[in-house]
Amino acid sequence: MKRLVIGAQRYPFYLLRIIDTLEQRILWQEDRDFIRAICTKKLLHLKLEGVTGAVVQLQTPLRIRRGGKLLTHISFETLIRNITKRIVMLVERYGGWVDYEEVKNIQILAAKVQTVKEEVKVEFLERYSNRLHGKMDFSGLIGELEYAGDLTPFVPWLAAAQVLHIGRNTTFGMGKVQVYFI
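Residues numbered from 1 in each chain as written. Predicted model: local features only at pLDDT ≥ 70, side-chain atom pairs only at ≥ 80, totals over all residues. Heavy atoms only, no water.

### Concerning the packing of helix α1 (residues 76-94) against helix α2 (residues 100-110)
Note the threshold: Axes here mean lines fitted to C-alpha atoms, for a helix over just the part in contact, with angles spanning 0 to 180 degrees between N-to-C directions. Here a strand is any run of E in DSSP of at least two residues, a helix any run of H or I of at least four, and the numbering for each starts at the N terminus. Should an angle lie under 35 degrees it is considered roughly parallel, over 145 roughly antiparallel, and from 65 to 115 roughly perpendicular; all remaining angles are considered oblique. Crossing handedness follows the turn of the near helix against the far one: under a right angle anticlockwise gives a left-handed crossing, and clockwise gives a right-handed one. Contacts are assigned to residue pairs with any non-hydrogen atoms lying within 4.5 Å of each other. Lys, Arg, Asp and Glu make up the charged group, whereas Ala, Val, Leu, Ile, Met, Phe, Trp, Tyr, Cys and Pro make up the nonpolar group; the residues left over, Gly among them, are polar.
Put simply, α1 and α2 touch, their axes get as near as 8 Å, and they point 165° apart. As summarised for this structure, α1 and α2 are arranged roughly antiparallel, according to the angle between their axes. In this structure, α1 crosses over α2, and the sense of that crossing is left-handed. Of α2, the residues touching α1 (which contributes Phe-76, Glu-77, Ile-80, Arg-81, Thr-84, Val-88 and Glu-92) are Tyr-100, Val-103, Ile-106, Gln-107 and Ala-110. Here the contact of α1 with α2 is composed, by residue class, of 7 nonpolar, 2 polar and 3 charged.

See the structure below:
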């Protein structure tokens, strides 16, 4: 597995090691695996009181589509809908527990949160797909969003989004966000 090629031009690269960055453990290195180091992770359940705003930095392109088109404006409602959808999807496929009633309530509450600032731009990216034998659009939004309102109930959901990423193509590292609470 360590001698691979990547991209349309098939550039060679070598996999040196795989690291669990949360615990700084080496999981694989030079034909040796360290299976005992692999373990299930629980998401941090952050709970804060009196949160009246949040700044969401889109660190890698965020790809949310509606009607087949990339959204260029992200309301808080859209953001929360995507976060809850991703968490529910992961729980249904890989196990765990989520309160579906809470998911519905949090989505309804999200409509009351206002967008204060939206400084985003579309980052145009492409990647080559060997399966499709052509280029794929990987464009998404980069920038910063600021929301205001009673965000206290959303804190755990926004904290989880920092770990899980949101939107499309998260397995390629897309949709990484950093959230700061006000």
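That was the structure; now back to the text.
### What about the pairing of strand β6 (residues 53-62)?
This is how the line gets drawn: The buried label goes to any residue with under 20% of its type's maximum accessible area, the exposed label to any with over 50%, and the partly exposed label to all in between, with areas taken from a 1.4 Å probe on protein chains only. Pairing between strands requires that DSSP locate at least two bridges from one strand to the other.
By the criterion of burial, β6 is predominantly enclosed, with 7 of the 10 residues buried. For β6 and strand β12 (residues 140-148), the ladder comprises 7 bridges, and the chain directions are antiparallel. Considered in β12, the bridge of Leu-62 is made with Leu-141. Sheet analysis places β6 next to strand β13 (residues 177-181), joined by 5 bridges and oriented antiparallel. Bridge pairing in β13 places Val-55 opposite Tyr-180.

### Observations concerning the sheet that holds strand β3 (residues 17-20)
Spatial ordering of the open sheet is given by β3-β4-β5, a layout of 3 strands whose pairing is antiparallel. Both outer strands of the open sheet, β3 and β5 (32-33), are each paired with one neighbouring strand and no more. Relative to β5, strand β4 (residues 25-29) is paired through 2 bridges, and the arrangement is antiparallel. Pairing of Trp-28 across the sheet is with Asp-33, part of β5.

Note that every value here comes from positions in space, so none of it alone points to a role or purpose.
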